[in-house]
Amino acid sequence: MIIVFTGRRPSGPDGVFPDAAVDWLEERLKLLIAGLRPRLAVGSAAAGTDLLAAGAALRAGIPVELLVTEDPEEFVGASVADKGPQWEERFRTLTTQAKAALIPVPGAKADDDGFRAVNQAILSHARDSLRHPVEAADEPEELVVVAVTEGRREGEDHTESLARSAEALGHLVLRLTPTQSQSEAPTAFVAMPYGVKADSTRELKRFEADESWHRVVVPALLDSGYRPIRTDLEAGLKSIDARMLHSINTADLFVADLATLNPNVLWELGVRHAWRPHATLLMAPNWVTPPFDLGHSTIQRYERGMKKVSDRQAVTAIRKLKAALNATRRGDDSPVWAVFPALEPVQLPPDADVELFSRLTRYSEEITLAAALRDAGKLLDLADQVRADGLPDSNCRDQLEQIGLALVTLGDFDEGRRLLEPLAAADVSFGRIRMQQRYALTLIHRAGTPVERLEYLKEAERRLLLLDDRHPGSSETWGLLGSAAKRAFELAFRLEEKNASAHLNRAIEAYRKGMEADPGDYYPGINALALVRVRGQHFDGGQDDVTLAESLLPVVRFAVERRPVGPNDTWEHATLAELALHQHLLDKGMAPVPPVEALRHYTFAAHSADGAELTSMRRQLEFLLAVGDPPEVLGPLLAALPAPAEGNAL
């Protein structure tokens, strides 16, 4: 995706873009651009919208190309410095960054004709930069315009001219209102699953729910003028529940995404339908069959993958949602009120502490934005602010938990562990399932001497077993248990400890229980298969384990291939590659060369993998080499997986 940005310049204390609206616009641009994750952002560099949008893109690690008039210094004088020294300072700082390119437009002077030429060049340059499909199955890259405008004004209007030219060419245009302040923005409460969730509607483990939030919901809501607010119900404290109920009741708009048919979302939706006759919008991925009671409700269908929302899917879904948002302003939509039209809207008692409610909501928004920007430093700053804020203990713990979970998601396991450790220790009943799982993950990744690491892994296993005792049957818990025992085996094997096989046996047991808990989750399956084969061929498992490994091959393959595997499905290709490898190594007449199928899938996986994923794939092959698998088979497979760039691995 390429984003083109354009919009109003600052107007001082009043006008179309007042000083009081700058911070809220900057936050919306950060949330929007970081969530859409464009490959490139293109615009100009005038004071106001241009510099705010360019800064937001650079903050998210996105390259920016800034088109200006022929003489950049004349441009600064005419379009930047005239709005104050703070804007010129922004310009100077921004244009010295490595990912920012200043591109003068030949012949364009710092006058109306020149600015018009720059405006036209921006759209042409962005369109010329679009990548075209290489293969028939590839999707074309999308161009999206972000225009900060209150509508067409009299006289020359470069912003609206660019936006309307883009619309005429079929590109999506998202408009943000420059006059709006955060406190004036109508609120949209979004009920949806967050993070990686099991999808009961497809019996598949990894549904990346946040993709819908970032690439569909937030862009559509911001375009419609809403302030999007979400509550992660896994926080689960009573104080959060009270805030949630007030949000459901008072939100100007309630959006429910029925993906995975999450029970919390359905409960919240029922409350809203009972309390309010209108301003409720339902959406769902196109494969979801809604419950019978919602059969007559209008549901906005959208297309997406289990792991990602592609550029084309994002643009199509945003267009549909924009139209649906306009419709929510007209008429009732609650099935409860359709049956009982004489009902009165429920008025909740006033919140006990409106100021506290506002502070907590603001923290949630800032945590969401920092996570979207992958800004671990900001998350740690927020943790310090929360500790110093004098919040009630339960609210403080909840905010710190959300920050800790965000850090773990970003791969900052050390800082995540420091935040979650006291919270996990205080949760003596192990009621906070996700938090306990994520804390255990930080222990699995904790650095130290081999002896220290074995102790950390032992503690992770102990906590996960307690968690399973209280909340049995989670493939996530058993997968983490398998990972901890497997890493303990690797360490013990390298240290030549006599009890190394005990760790191996525990890992196999855990992964197999993970398979039983969720047969559609291929992660524990491929690990169980690998370790059973390793035990059978290199340790004391013998023919029984070899036979068991052979029987697991079609089971795991079915879990991977039960849906079409796309070119960018990294882990599916990595798993198919490893399946081909194990099948090859189980063949008694094995040729001392890598299987072609494994090479092909590892090549696909490497193409779409990030640093952490490459590290994980390489780690698995290096482990198999260490336990005795033939280097002439594994060496070329490792060569197909480039080592991640420094600083790009977890």
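Residues numbered from 1 in each chain as written. Predicted model: local features only at pLDDT ≥ 70, side-chain atom pairs only at ≥ 80, totals over all residues. Heavy atoms only, no water.

As for the overall build of the protein
As a reminder of what qualifies: Counting from the N terminus, the helices are DSSP H or I runs at least four residues long and the strands are E runs at least two residues long. In this treatment the radius of gyration is a C-alpha quantity, and the globule benchmark scales as 2.2 Å times the residue count to the 0.38 power. Throughout, the Shrake-Rupley method with a 1.4 Å probe supplies accessible areas, and for residues the shown protein chains are the sole cover considered. Just so you know, the count uses Lys and Arg for positive and Asp and Glu for negative, and it drops His and the chain ends. Where a charge lies is defined by one atom per residue type, namely NZ (Lys), CZ (Arg), CG (Asp) and CD (Glu).
Per the secondary structure count, the protein includes 25 helices and 13 strands. For 650 residues, the compact-globule estimate of 2.2 N^0.38 gives 26 Å, and the C-alpha radius of gyration of the protein, at 27 Å, lies within 12% of that figure. Each of the three principal axes of the protein carries a C-alpha extent, and together these read 85 × 65 × 50 Å. On the protein, roughly 27700 Å² of surface is accessible, and the fraction owed to carbon and sulfur atoms is 53%. With 73 positive and 95 negative side-chain charges, the protein shows a separation of 2 Å between the mean positions of the two kinds.

A few points about the sheet that holds strand 12 (residues 280-285)
Within a beta sheet, neighbouring strands are joined by backbone hydrogen bonds and run either parallel or antiparallel to one another. Here is the rule: Here, strands pair whenever DSSP counts at least two bridges between them. Orientation is described by axes fitted as lines to C-alpha atoms, over the contacting stretch for helices, and by angles from 0 to 180 degrees between their N-to-C directions.
Read from one edge of the open sheet, five strands run 10-7-11-12-13, paired in parallel fashion. Bordering the open sheet on either side are strand 10 (227-230) and strand 13 (299-302), each of which pairs with just one other strand. Neighbour-to-neighbour, the strand axes of this sheet turn through a mean angle of 25°, independent of strand direction. Relative to strand 13, strand 12 runs parallel, the two being bridged by four bridges. Paired with leucine 282 across the two strands is isoleucine 299, which belongs to strand 13.

Some thoughts on a nonpolar patch on the surface
How we decide: Each patch is built from residues lacking any salt bridge and having more than 30% relative accessible area; the joining distance is 9 Å for like charges and 5 Å for nonpolar side chains (Val, Leu, Ile, Met, Phe, Trp, Tyr). Whenever a carboxyl oxygen of Asp or Glu lies within 4 Å of a side-chain nitrogen of Lys or Arg, that contact is scored as a salt bridge.
Residues Val339, Phe340 and Leu343 make up a contiguous nonpolar surface patch of roughly 290 Å² in combined accessible area. Here leucine 343 shows up in the loop between helix 11 (335-339) and helix 12 (354-372).

What about the confidence of the model for the protein?
Let me state the cut-off plainly: pLDDT expresses, on a scale from 0 to 100, how confident the predictor is about each individual residue. Every residue pair with non-hydrogen atoms within 4.5 Å of one another is taken to be in contact.
Per-chain confidence: the protein averages 89 in pLDDT, with 94% of residues scoring 70 or above. In the predicted structure, residues 646-650 sits below a pLDDT of 50 and forms ten contacts with residues beyond four places in sequence or in another chain.

Here's the deal with the packing of helix 20 (residues 522-538) against helix 24 (residues 611-627)
The cut-off we apply is this: Throughout, the term roughly parallel applies to angles under 35 degrees, roughly antiparallel to angles over 145, roughly perpendicular to angles from 65 to 115, and oblique to all others. Note on convention: near helix rotated counterclockwise from far helix by under a right angle means a left-handed crossing. Clockwise means right-handed. The nonpolar class holds Ala, Val, Leu, Ile, Met, Phe, Trp, Tyr, Cys and Pro. Asp, Glu, Lys and Arg form the charged class, and all remaining residues, Gly among them, are polar.
Running from amino to carboxyl end, helix 20 crosses helix 24 at an angle of 15°, the nearest separation of the two axes being 11 Å. As the angle between them shows, helix 20 and helix 24 are arranged roughly parallel. For helix 20 against helix 24, the interelement crossing comes out right-handed. Mapping the contact onto sequence places Asn527, Ala530, Leu531, Arg533, Val534 and His538 in helix 20 and Gln620, Phe623, Leu624 and Val627 in helix 24. The class makeup of the residues in the contact of helix 20 with helix 24 is six nonpolar, three polar and one charged.

Re the packing of aromatic side chains
Quick reminder of the rule: Side-chain rings of Phe, Tyr and Trp (the six-membered ring for Trp) are treated as a pair once their centres are within 6.5 Å; stacked means planes under 30 degrees apart, edge-to-face means over 60, and tilted covers the remaining angles. Exposure classes here rest on a 1.4 Å probe applied to the protein chains alone. A residue is buried below 20% of its type maximum, exposed above 50%, and partly exposed in between.
Under the definition given, this model contains eight aromatic pairs. With a centroid separation of 5.7 Å and 20° between ring planes, the pair formed by phenylalanine 189 and phenylalanine 254 is classed as stacked. With a gap of 65 residues between them, phenylalanine 189 in strand 7 (residues 187-191) and phenylalanine 254 in strand 11 (residues 253-257) connect regions that are remote in the sequence. Judged by relative accessible area, phenylalanine 189 falls into the buried class, the value being 1%. With a centroid separation of 6.0 Å and 80° between ring planes, the pair formed by tyrosine 511 and tyrosine 523 is classed as edge-to-face. Of the two residues, tyrosine 511 is situated in helix 19 (residues 500-517) and tyrosine 523 in helix 20; the sequence distance between them amounts to twelve residues. Overall, tyrosine 511 belongs to the buried group, its relative accessible area being 1%.

With respect to the nonpolar core
Selection criterion: Note on terminology: a nonpolar core comprises buried Ala, Val, Leu, Ile, Met, Phe, Trp, Tyr and Cys residues joined through side-chain atoms within 4.5 Å.
By size, the foremost hydrophobic cluster in this structure holds 92 residues, and its most contacted members are Leu29, Val64, Leu176, Val190, Leu221 and Met283. No other element matches helix 1 (residues 22-36), which puts eight residues into this core. Dropping the residues within four chain positions of it, methionine 283 is found in contact with Val216, Val217, Val255, Ala256, Asp257, Leu258, Ile299, Gln300, Tyr302 and Leu321.

Comments concerning the packing of helix 24 against helix 25 (residues 631-639)
At a minimum axis separation of 10 Å, helix 24 and helix 25 run at an interaxial angle of 165°. Judged on the interaxial angle alone, helix 25 and helix 24 are roughly antiparallel. Read as a crossing pair, helix 24 and helix 25 show a hand that is left-handed. For the pair formed by helix 24 and helix 25, the contact residues are Arg618, Leu621, Glu622, Leu624 and Leu625 on the first element and Pro631, Leu634, Leu637 and Leu638 on the second. Residues of the contact of helix 24 with helix 25, tallied by class, amount to seven nonpolar, no polar and two charged.

A few points about unusual backbone geometry
Even without a glycine there, the phi angle at arginine 37 is positive, about 50°. At arginine 374, a residue that is not glycine, the phi angle is positive and equals roughly 55°. Among the secondary structure elements, arginine 374 is positioned in the loop between helix 12 and helix 13 (376-388). Residue class for arginine 374 comes out exposed when judged on its relative accessible area of 55%.

Let's talk about the environment of glutamate 156
Formally: Here a polar contact is taken to be a pair of N or O atoms separated by no more than 3.5 Å, where protein atoms must pair a possible hydrogen donor with a possible acceptor and residues adjacent in sequence count only if both atoms sit in side chains.
Here glutamate 156 is to be found in the loop between strand 5 (143-148) and helix 6 (158-168). Looking at glutamate 156, the relative accessible area reads 34%, which means it is partly exposed. In this structure, the C-alpha to C-alpha distance between glutamate 156 and valine 627, residues 471 residues apart in sequence, is 71 Å. A distance of 2.9 Å separates the side chain of glutamate 156 from the side chain of arginine 116, its partner in a polar contact.

Re the pattern of salt bridges
Counted by the stated rule, this structure contains 42 salt bridges. The shortest N-O distance in the salt bridge between arginine 164 and glutamate 160 comes to 3.2 Å. Taken together, the residues span about one helical turn, with arginine 164 and glutamate 160 both in helix 6 at a distance of four residues. The salt bridge involving arginine 362 is made with glutamate 365; its shortest N-O contact spans 3.4 Å. You can see arginine 362 and its partner glutamate 365 sitting in helix 12, three residues apart, about one turn around the helix. The class of arginine 362 is partly exposed, set by a relative accessible area of 21%. Relative accessible area serves as the criterion here: at 10%, glutamate 365 is assigned to the buried category. Among the ionic contacts, a cluster of salt bridges with common partners joins Glu27, Arg227, Arg362, Glu365, Glu366 and Lys378.

Considerations on helix 20
Note the cut-off: By this rule the span expected of a helix is its residue count minus one, scaled by 1.5 Å.
For helix 20, spanning 17 residues, the distance from its first C-alpha to its last is 24 Å, which sits close to the expected 24 Å at 1.5 Å a residue. If you check the start of helix 20, you find a side-chain oxygen 3.1 Å away from the backbone N of tyrosine 523, and it comes from aspartate 521.

Some details on the sheet that holds strand 1 (residues 2-7)
Spatially, the six strands line up as an open sheet ordered 4-3-2-1-5-6, and their pairing is parallel. Each edge of the open sheet is held by one strand with a lone partner, namely strand 4 (100-104) and strand 6 (172-176). Geometrically, the sheet is characterised by an average inter-axis angle of 20° between neighbouring strands, direction not taken into account. The sheet contacts of helix 2 (residues 49-59) involve strand 1, strand 2 (40-43), strand 3 (64-68), strand 4 and strand 5, and relative to strand 1 the element is tilted by about 150°. Where helix 6 meets the sheet, its contacts fall on strand 1, strand 5 and strand 6, and the angle it forms with strand 6 comes to roughly 150°.

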